[in-house]
Amino acid sequence: MAQYRPLNDGQQNFTQATNPQIVAGFEILRQSVKLGMQQSESARRSSMKAQALVSKQSQMLNQMKEQKIMVQDIIVPVDTPTNTKQDVLKKAQNKGEEYRNMDEHKVDVMTLANRLGTSREDGLSDDQAIQKNQQYGDNKLSEKAKTPWWIKLIKEMVQPFSILLWIASFACFALYGVNPNALGAKSNLWLAIILIAIILLTGSITYNQSAKADALMEGFKNFLPQNCIVIRGGQRKQVPAEKIVPGDIVEVKMGDKIPADIRIIQSREMKVDNSALTGECDPLLRVTECTSENPLETKNLAFFGTLCKEGSGLGMVIQIGDKTVMGQIADLATGGETPETPLNIELKRFVILISCIAVGLGILFLILSLVVEKASVDTAVGQAIGIIVANVPEGLLGCITVSLAITAKRLADKQVLVKNLEAVETLGSTSCICSDKTGTLTQNKMSVENVWYDGLKRRALNKLIAGKNAEYEYETSDPTFRDLHDCAIITSEAKFNIQAKDKQNVNWLDTPTIGDASETALIKFFQPIEDIEVTRQRRQFAELPDKSLAKMPFNSTNKFSLCIVNWETQDSYYCVYIKGAPEKLWTFCSYLLVEGRNQAIDEQITQKFKQVNLTFGKGGERVLGFAKLHLPRAEYHKGYQFNLNSVDTLKFKLEAFTFLGLLSLMDPPKVTVPQAIKKCQSAGIKVIMVTGDQPPTAGAIAKQIGIITGKTVDDLLDENPSMPYEEAFRLAPAIVIHGDLIVQALEEEAAQGENLPEEMKDRKLRSWCSKPQVVFARTSPAQKLMIVRACQYLGHVVGVTGDGVNDSPAIKQGDIGISMGISGSDVTKDAADMILLNDDFASIVDGVEEGRKIFDNLKKTIVYLLTSNITEVFPYVGEIAIGLPLPLSNAFILTICIGTDILPAISFAYEEAEIDIMTRKPRKKDDHLVSLRLITHAYLLQGVIATSAGFFSYFSTMNEYGFPPKLILSFMNTPYQQIPWTPITLANGQPYAPPPTSWVWDMPNMNNPFLTQQPYSPNWQMAPVLVPPSENQIADTVGFQNIPLNWINPELIYYDLRYIFVTYNSTDNRWFPVFEEWNNQFSDQLCRYFDRSDSLLEGSGYPINTNACFKTAALKYAQTSYFVAVVLVQWSNVFSCKQRKMSLIYSPINAVMFYGVILETIIFLCIVYIPGVNTWFGARPVDILNLGMPGLPYSMCLFCWEEMRKYFIRNFQKPSKNEPNFFEANSLW
């Protein structure tokens, strides 16, 4: 919150709150009025010139076309303004037309009073006020509806990635609703619920972060005072400000807010702070005369919402409420739009990419399922949704949100507050920073830099900073320095805002002061030499006839201030001290004080003075001169009546003064800024200074901090005056541009009218911005906006820093706005995306590193998650395309996505930056978060390795349970007996249904206990059991079917499949297993776990063969092995993704990553081995040595390949120095 202190009262503080949109709106409105006036005048004077310019421009374009030079080849394409911004500009033009036609500031006060039906002396009557209040309404701004918190929460939950998850969850709900009793239906229900839980959780996190920032930024934004003093019926009355009406005479004094737009009819040195509208914090004098045709710039109007800083006055109300300037620009303030963050753009692109892949594969395999597998519609749709959901990295949204929040927390520890989580990544992709100077790059504390006395320039080190042991170039006991010291302190009004009792052990550098910045610098420099109060008591002011002190304040016309003190010497009773512009004071002086003695000023001394004054000026320093004059005793006796009302009333001549010396002041750069600028430049980030200060000052500071390291255009022109400006501009690496040049360029374009091609507009400004080193000085808020937009047109991702209200519109326009937290005003904090709580520009470097790091780490997270994604997709492909029993169940897919993978994926947020992160160039806009190389790497390289590990574990496990790979691939097109069997009638007339677990290898008469004996009965072949199928009649044969076997059918789980897949041999009149592997009496040995019971089968009521061998129950073990293999490969994958180029051995230890690996290991161990838990997940306690280990070789293979790939990226020969080698160009994601 900006604090203002009046010079004459240390006890009162005034607060003025501002709004960035209002500042921008006012500037647009003011520029619209100004430009309209200029265009009207220009149209009358230079229509012919404009036509000539257009003709010349068209001729130039035609010549270019004839020479086959494309405009696009030499001009950077321009982004056209958005419709919203065009509406704002159009609105501003319409309102500007209204203000150009108003005359309340130009007409005579009496005429205006008659128009408003009021009296200048008596004001309105009470009846008139009541009537006008009914006519015009209350004096307040219409409130805009705020977005309810629940709407904001909903918006957080319908972000692009969230929408994809919503669609997937609704699809799962729909599939469950169609057939809730279908096999696997409940897994779809659980998947839908979990997806919604993820969306709600991540949405709540982002909403909570935004809500905290909004609460922090909630400031005092009520521009309307509660009460004010008006004159009604000739009497002073206090009335509610809401009841003021046009024609009221309002009394305004120091500290009051202006309650309406008023015409000044009386001013007693009344000064207002217009920062709420214009961003100008300096007090602006209000007068009764019209000073400008533009009503927004004239000094005889004061506007609603501004603050009276000094003096007092009377004003006649001309507009109230929504009709005031503040009310008129309220609509404009809502016209600004926040650019979409690069991260949001990348996430949208990623969502579209993943959606296309997922939906495309889903549709493809839906068709395959219906056509090839001949599955039912609900089964095929379920498989398609499975494919789609498997392609969606459900945990990624949570990982991104948590990663951003973690990074924001880490930045908060570094005193950087992130209001918008996505702004963190935006800062990392920033390629250009437009920074304000004062308070951002500099300390916003004027300090004395140099002193010139006795004809010599000396460095003015502050004793509080340098300390007692430092060597000082100035000598405090020197008589000239003593006189200079006395003059500087006595002519200054500034003082420390501290009580006398608190003066012990005070750090004067940090002590608050009352006074302007220049005088504050003087007292902080001289205080450690001698207490300023002691200095002032030594020289008491003379008194004027009205008993006031003999002081003449500084004004812009005289360019000096003076005072008269009592100083009795042999020849004088009074001494005149004077302070001001050195070149002005020098004309008053005849002598220079050297070693305490007057020395007549000659040409040589004058040249020395001019040279040192010029040197200080070129160095960007503000220079103050000091002189004294002892008034002769004979003419100016004791008690002489002085008159200091004006220069003309002085009773002494401004001549024969003795010049004491010069003090140069500078707002020094912050100590950490030069190093921060170097880091930005090494990171390929261009830093542009955009300031309202003078060009010499801006240029000097830019050179000190390293923004300018080469020669500027002005430097080249000074060295070679005959050099054309165009040549100097071409050769100079650096340039300092005055804001007036921007206005001039705009006027030239305006003169050319609408015929100027769009790509040629703002070309000059863009050419300035394209220089390697750029400084813009004396810029207005509107020009800062234009500069930021020009940089964006050039393709830069622009960060804008600042602390004053002047910076707020540009901060709002930038891709990322950064405000100072201590010195920053409420308006800039409100407009910014990030706030530097310690006001340290160097913290931006930390932010850039964090931003780049988070982009890298998000890439690593996506590669890690997509690797396991492909392991979830291929099992569905195998099931649909070749009829494999599903290698990975939905429960395991969910466990991987939102269980085992989550913490390792989040651990990348804690990953330290790679070594080269701050030496890379900023990423280009076509360097996407998810590129083709990244997809290829994740899916076709690491994903294939991980999937191979899963399938190898799956096939090896199925083989251990009696299902060799060749046999599994044969199941799809092999008919089998329908389960459960329909009871059949045996030869003896008894009904019979074979039990599921009895087994005789050659199955004579299908295990009929009445016909099968040991040894075999000779008559067993004669028993009619089943009618053997003839060729091509299998589908019509009782008890057989040829649809794919349903491996998750609970009715089938108890049956030995050797008994289900059978065929009748008419030669032997026997039934045999279909598959050769099972067609022998030793087939039991195919299953190494024949003697191990399965817990689920033990309670089946069938005491024989309760193991999982040759049963569909074996699939549970195979799926568990697949799951374990994926987890094992992800062990290596997470460490392989730690670095994109460097080897793991050079990577700092990430403790969270180790915790993540440990946690995912604990998760899979719990799911696999804890009874009850494994049943719920459909897992089985696999033999870890024989079933879990098949994934380890693949895990090691992935790790070794990644280390080899990174080695080749670092060391493979490059075609040239600046070109990447083959591996870097094709495999660095």
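Going by the structure above, here's the rest.
The rules behind the values
Residues numbered from 1 in each chain as written. Predicted model: local features only at pLDDT ≥ 70, side-chain atom pairs only at ≥ 80, totals over all residues. Heavy atoms only, no water. Helix = DSSP H or I, 4+ residues; strand = E, 2+ residues; numbered from the N terminus. Buried < 20%, exposed > 50% of the residue type's maximum accessible area, 1.4 Å probe, protein only. Contact = heavy atoms within 4.5 Å. Areas by Shrake-Rupley, 256 points an atom, 1.4 Å probe, with all protein chains shown as cover. Pairing = 2+ DSSP bridges. Axes fitted to C-alpha atoms, helices over the stretch in contact; angles between N-to-C directions. Disulfide = S-S within 2.5 Å. Expected span 1.5 Å × (residues − 1). Arc of directions from axis to C-beta. Core = buried A, V, L, I, M, F, W, Y, C linked by side-chain atoms within 4.5 Å. Salt bridge = Lys/Arg side-chain N within 4 Å of Asp/Glu carboxyl O. Patch = residues over 30% accessible without salt bridge, like charges linked within 9 Å, V, L, I, M, F, W, Y side chains within 5 Å.

(A) Representation of the overall build of the chain in the model. Helices and strands together make up the secondary structure of the chain, namely 43 helices and 34 strands. Buried positions account for 53% of the 1229 residues belonging to the chain. For the chain, the proportion of contacts with a sequence separation of at least 24, taken over those separated by at least 6, is 73%. Looking at the chain as shown, the accessible area adds up to about 55100 Å², and 54% of this sits on carbon and sulfur atoms.

(B) A look at the sheet that holds strand E10 (residues 416-418). The strand order across the open sheet formed by 8 strands is E10-E28-E27-E26-E11-E23-E25-E24, and the pairing between neighbours is mixed. Of all the strands in the sheet, the pair left with one neighbour each is E10 and strand E24 (734-738). Averaged over all adjacent pairs, the angle separating strand axes in this sheet is 20°, with direction ignored. Judged from the 3 bridges that link them, strand E27 (residues 816-820) and strand E28 (residues 834-836) form a sheet pairing that is parallel. By the bridge assignment for E28, Met820 is matched with Leu836. Where helix H31 (residues 843-882) meets the sheet, it contacts E10, strand E11 (432-435), strand E26 (798-802), E27 and E28, and its direction lies at approximately 140° from that of E28.

(C) Focus on the state of the cysteines. Scanning the entire structure with this criterion turns up 1 disulfide. The side chain of Cys1087 participates in a disulfide bridge whose partner is Cys1109; the two sulfur atoms lie 1.7 Å from each other. One quick way to see it: the torsion about the S-S bond of Cys1087 and Cys1109 is about -55°, and its sign makes the bridge left-handed. Residue Cys1087 is found in the loop between strand E34 (1070-1073) and helix H37 (1095-1098), and its partner Cys1109 is found in the loop between H37 and helix H38 (1114-1136); the two are separated by 22 residues along the sequence.

(D) Summary view of helix H21 (residues 603-618). Across its 16 residues, H21 extends 22 Å between first and last C-alpha, which sits within 8% of the 22 Å expected from 1.5 Å per residue. Along H21, the positions that sit buried rather than exposed are Ile605, Thr606, Phe609, Val612, Asn613 and Phe616. Angularly, the buried residues of H21 cover 135° about the axis, an arc narrow enough to put them on a single face. Exposed residues pointing more than 90 degrees away from the buried face of H21 are listed as Glu603, Gln604 and Lys618. After H21 finishes, the residue Gly620 shows a positive phi value of roughly 80°.

(E) Layout of the pairing of strand E19 (residues 589-594). One ladder, built from 3 bridges, connects E19 with strand E22 (residues 657-666); its direction is parallel. Counted as the bridge partner of Cys589 is Phe657 from E22. Sheet topology places E19 next to strand E20 (residues 597-600); 4 bridges connect them, and they run antiparallel. The residue of E20 that forms the bridge with Leu593 is Asn598. Joining the antiparallel neighbours E19 and E20 is a turn of 2 residues, in which Glu595 adopts a positive phi near 55°.

(F) Main features of the nonpolar core. By size, the foremost hydrophobic cluster in this structure holds 93 residues, and its most contacted members are Met689, Ile707 and Leu866. A total of 12 residues in this core trace back to one element, the largest contributor, which is H31. Once you skip the residues sitting within four places of it in the chain, Met689 turns out to touch Ser435, Lys437, Leu441, Ala698, Ile701, Ala702, Ile705, Ile707, Val774, Val775 and Phe776. Grouped together as the second largest cluster of nonpolar side chains are 56 residues, Phe971, Leu1057, Tyr1089 and Cys1109 included.

(G) Focus on the pattern of salt bridges. Tallied over the entire structure, the rule returns 31 salt bridges. For Lys243, the salt bridge identified is with Asp138, shortest N-O distance 3.0 Å. Of the two residues, Lys243 sits in the loop between strand E4 (235-240) and strand E5 (249-253) while Asp138 sits in the loop between helix H6 (126-136) and helix H7 (149-156), which places them 105 residues apart along the sequence. You can call Lys243 partly exposed: its relative accessible area is 36%. With a relative accessible area of 27%, Asp138 lands in the partly exposed category. In this structure, Asp856 engages Arg920 in a salt bridge whose closest nitrogen and oxygen atoms are separated by 2.8 Å. Here the residue Asp856 occupies a position in helix H31, and Arg920 occupies one in the loop between helix H33 (902-906) and helix H34 (932-960), the gap between them amounting to 64 residues. Given the relative accessible area of 21%, Arg920 is considered partly exposed. A single network of salt bridges, built from pairs that share partners, joins Asp856, Lys860, Glu914, Asp916, Arg920, Arg1140 and Lys1141.

(H) Region of interest: a nonpolar patch on the surface. On the surface, a nonpolar cluster with roughly 650 Å² of combined accessible area is contributed by Val359, Ile363, Ile367, Leu370, Val371, Val372, Val377 and Val381. Listed by contribution, the elements that provide at least two residues to the nonpolar patch are helix H12 (342-371) and helix H13 (377-391). Tallying contributions element by element places H12 first for the nonpolar patch, with 5 residues. Here Val359 lies in helix H12. The exposure class of Val359 is partly exposed, given its relative accessible area of 40%.

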